[in-house]
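# Reading the structure
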Amino acid sequence: MPIWAWCLSAVVLIGLIAAGLLVYRLRLVRLAGTPVLLRPLPADADEGWRHGAIHYTDDAILYFRLSSFRLGPSVSLSRRRIEVSGRRGPVGTESEIMDADMVVAEITVGRRGQEPAYELAIAPAAMTAFQSWLEARAPRRARRRPAA
């Protein structure tokens, strides 16, 4: 078999693998997650928003960016360290990419100023679920006793 046929076969195989991974990722993000927009802070007024989905686990919230080829989560936020520090509605040109009824929550992970902060744009019903998930966490003082 000539070398060009081997190269063509390799390109086709790599393309099929990439397409399979893309379909897997889109299926993972779209079917099992809550659609959100997320951006790290500080950010300019209308910049930095990324579409994706969040998945709740017992210990963390996993954010899967929609336009990423990464198989795992793009951001993982520890449930014990998340604090909602403010809420607002979409302002300025944010209304072009968000529904008017969406809630934009500023969340910090850890102590204010020491750890990253994010803004999370989410539907009102999903925001209620997010708040319930946060409030159902174990208190900070709760610790497991070492096994004897």
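Refer to the structure presented above.
Residues numbered from 1 in each chain as written. Predicted model: local features only at pLDDT ≥ 70, side-chain atom pairs only at ≥ 80, totals over all residues. Heavy atoms only, no water.

### Looking at the packing of aromatic side chains
- The final tally for this structure, using the stated rule, is 2 aromatic pairs.
- Seen in terms of ring centroids, Y56 and W133 are 5.2 Å apart; in terms of plane orientation they differ by 50°. Their pairing is tilted. Taken together, the residues span a long stretch of sequence, with Y56 in strand β2 (residues 50-56) and W133 in helix α2 (residues 124-135) at a distance of 77 residues.
- Geometrically, the ring pair formed by F130 and W133 is stacked, given 6.3 Å between the ring centres and 25° between the ring planes. With a gap of 3 residues between them, F130 and W133 both fall in helix α2, about one helical turn apart.
- Given the relative accessible area of 1%, F130 is considered buried. (Phe/Tyr/Trp six-rings, centres within 6.5 Å; stacked < 30°, edge-to-face > 60°. Helix = DSSP H or I, 4+ residues; strand = E, 2+ residues; numbered from the N terminus. Buried < 20%, exposed > 50% of the residue type's maximum accessible area, 1.4 Å probe, protein only.)

### Quick word on a negative patch on the surface
- On the surface, D44, D46, E47 and E96 cluster together into a patch of negative charge.
- Examined against the element boundaries, E47 turns out to sit in the loop between β1 (34-41) and β2. (Patch = residues over 30% accessible without salt bridge, like charges linked within 9 Å, V, L, I, M, F, W, Y side chains within 5 Å. Areas by Shrake-Rupley, 256 points an atom, 1.4 Å probe, with all protein chains shown as cover. Salt bridge = Lys/Arg side-chain N within 4 Å of Asp/Glu carboxyl O. Lys, Arg positive; Asp, Glu negative; His and termini not counted. Charge placed at Lys NZ, Arg CZ, Asp CG, Glu CD.)

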